[in-house]
Amino acid sequence: MPREHRAAKSIRVLLAEDQGMMRGALALLLGMEPDIEVVAQVATGDAIVDAALLHRPDVALLDIELPGMSGLDAAAELRDQAPDCRVLILTTFGRPGYLRRAMEAGAAGFLVKDGPVEELAVSIRRVLTGETVIDPALAAAALSAGPNPLTARECDVLKASTDGATVADIAGKLHLSESTVRNYLSSAIGKTGTRNRMEAVRAARQQGWL
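Moving on to the overall build of the chain. A tally of regular secondary structure across the chain gives 10 helices and six strands. In the chain, the proportion of contacts linking residues at least 24 apart, taken out of those at least 6 apart, comes to 65%. Of the roughly 10,400 Å² that the chain leaves accessible, carbon and sulfur atoms contribute 53%.

Next up, the structure:
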């Protein structure tokens, strides 16, 4: 919408989405709202904080799975470096663990991408007034799922277990002994109720713990 037809004080939005078509569509649709202006678009997580400091958005709309840095990690950095910017997580993956991690990172809202853009615009306005906006179905699922049983170190070891990494590889990467890595893996496998570390990684990702 032309600037002269906007509200006197538009809501400034930063949009972080790695899929170009989705990012462009969201920017176009949100830009049609009379009181919303998309002032920055980024495709990688590690570009979020710099863009926020440069453009000073009121609301940062972040995907979770982004190259460079996850939207959840970026949300935590924004909380520290741009505390006036409200964060709204918008993701394809409505996983209970993601919701818990988003709230711990200081996010003001969590929505899945299959909702109408009108609902998204309303949510942007609501978080700007200080409300917390969470997809109701996801909130119920998070309550029933319970907290993440994995420790931070167990999560680190599982994350490092992908792409065929050996125990020695993981130990070197995390500066741990191989016996310590095996202990963490064994504990994580037990807590996830799986048979091996790859199943444990898969189960933890499905829950949004990694």
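With that settled, the discussion passes to the side chain of E154. Counting through the fold element by element, E154 comes out in helix α7 (residues 152–159). Polar side-chain contacts of E154 include one of 2.9 Å to the backbone nitrogen of T151. In contact with E154, other than residues within four places in its own chain, are P149, Y184, S187, A188 and K191.

What follows concerns the environment of R101. Secondary-structure assignment places R101 in helix α4 (residues 96–104). Taking C-alpha positions, R101 is 8.0 Å from W209, a pair spaced 108 residues apart along the chain. Not counting chain neighbours up to four residues away, the residues in contact with R101 comprise L72, G208, W209 and L210. Polar side-chain contacts of R101 include one of 2.6 Å to the backbone oxygen of L210.

Most often, soluble globular proteins have nonpolar side chains that are buried together. Ranked by internal contacts, the top residues of the largest apolar core, which has 28 residues, are L14, I48, L62, L78, V87 and I89. Those elements that place two or more of their residues in this core are β1 (11–16), β2 (36–42), α2 (48–55), β3 (59–62), α3 (71–81), β4 (86–91) and α4. Discounting residues that sit within four places of it in the chain, L78 has contacts with I48, V49, A52, A60, L62, P83 and V87.

Another point: the environment of V59. Secondary-structure assignment places V59 in strand β3. Sequence separation of V59 and G20 is 39 residues, and the distance between their C-alpha atoms is 20 Å. When near neighbours in sequence (up to four residues on either side) are disregarded, V59 contacts I11, R12, V13, L14, C85, R86, L88, I124, V127 and L128.

Size it by volume and the largest pocket reaches roughly 310 Å³. Along the walls of the largest pocket sit 14 residues, with E65, S70, Y98, R101 and L210 positioned nearest its centre. At the level of secondary structure, the elements contributing two or more residues to the lining of the largest pocket comprise α3 and α4. In terms of residue class, the lining of the largest pocket is built from seven nonpolar, two polar and five charged. Empty space within the second largest pocket amounts to approximately 250 Å³. Lining the second largest pocket are 14 residues; nearest its centre among them are R101, E104, N148, C155 and W209. Contributions of two or more residues to the lining of the second largest pocket are made by α4 and α7.

Packing of helix α8 (residues 167–174) against helix α9 (residues 178–192) brings their axes to within 9 Å, and their N-to-C directions diverge by 105°. As judged from the angle between their axes, α8 and α9 are roughly perpendicular. Of α9, the residues touching α8 (which contributes V167, A168, I170 and A171) are E178, V181, R182 and L185. Across the contact of α8 with α9, the residue classes tally to six nonpolar, no polar and two charged.

The next subject is the pairing of β3. Side chains on a regular strand alternate between the two faces of the sheet. Neither face of β3 is open: one carries V59 and L61, the other A60 and L62, and all of them are buried. Direction of pairing for β1 relative to β3: parallel, over a ladder of four bridges. Bridge assignment links L14 to a residue of β3, and that residue is A60. Relative to β4, β3 runs parallel, the two sharing four bridges.

All right, on to α2 then. When we look at burial in α2, the residues that qualify are I48, V49, A51 and A52. Burial along α2 is one-sided: seen end-on, the buried residues are contained in an arc of 165°. The outward face of α2, more than 90 degrees from its buried face, is lined by the exposed residues D50 and L54. With its phi angle positive at about 50°, R56 sits one or two positions after the end of α2.

The rules we used
Residues numbered from 1 in each chain as written. Predicted model: local features only at pLDDT ≥ 70, side-chain atom pairs only at ≥ 80, totals over all residues. Heavy atoms only, no water. Helix = DSSP H or I, 4+ residues; strand = E, 2+ residues; numbered from the N terminus. Contact = heavy atoms within 4.5 Å. Areas by Shrake-Rupley, 256 points an atom, 1.4 Å probe, with all protein chains shown as cover. Polar contact = N/O pair within 3.5 Å; in protein donor to acceptor, adjacent residues only side chain to side chain. Core = buried A, V, L, I, M, F, W, Y, C linked by side-chain atoms within 4.5 Å. Buried < 20%, exposed > 50% of the residue type's maximum accessible area, 1.4 Å probe, protein only. 1 Å grid on protein atoms, 1.4 Å probe; cavity = no way out; pocket = protein on both sides within 12 Å on 5 of 7 lines; lining within 4 Å. Points joined across faces, edges and corners; volume = space filled by probe spheres on them. Nonpolar A, V, L, I, M, F, W, Y, C, P; charged D, E, K, R; others polar. Axes fitted to C-alpha atoms, helices over the stretch in contact; angles between N-to-C directions. Parallel < 35°, antiparallel > 145°, perpendicular 65-115°, else oblique. Pairing = 2+ DSSP bridges. Arc of directions from axis to C-beta.

Interpretation in functional terms is not warranted from these geometric data alone.
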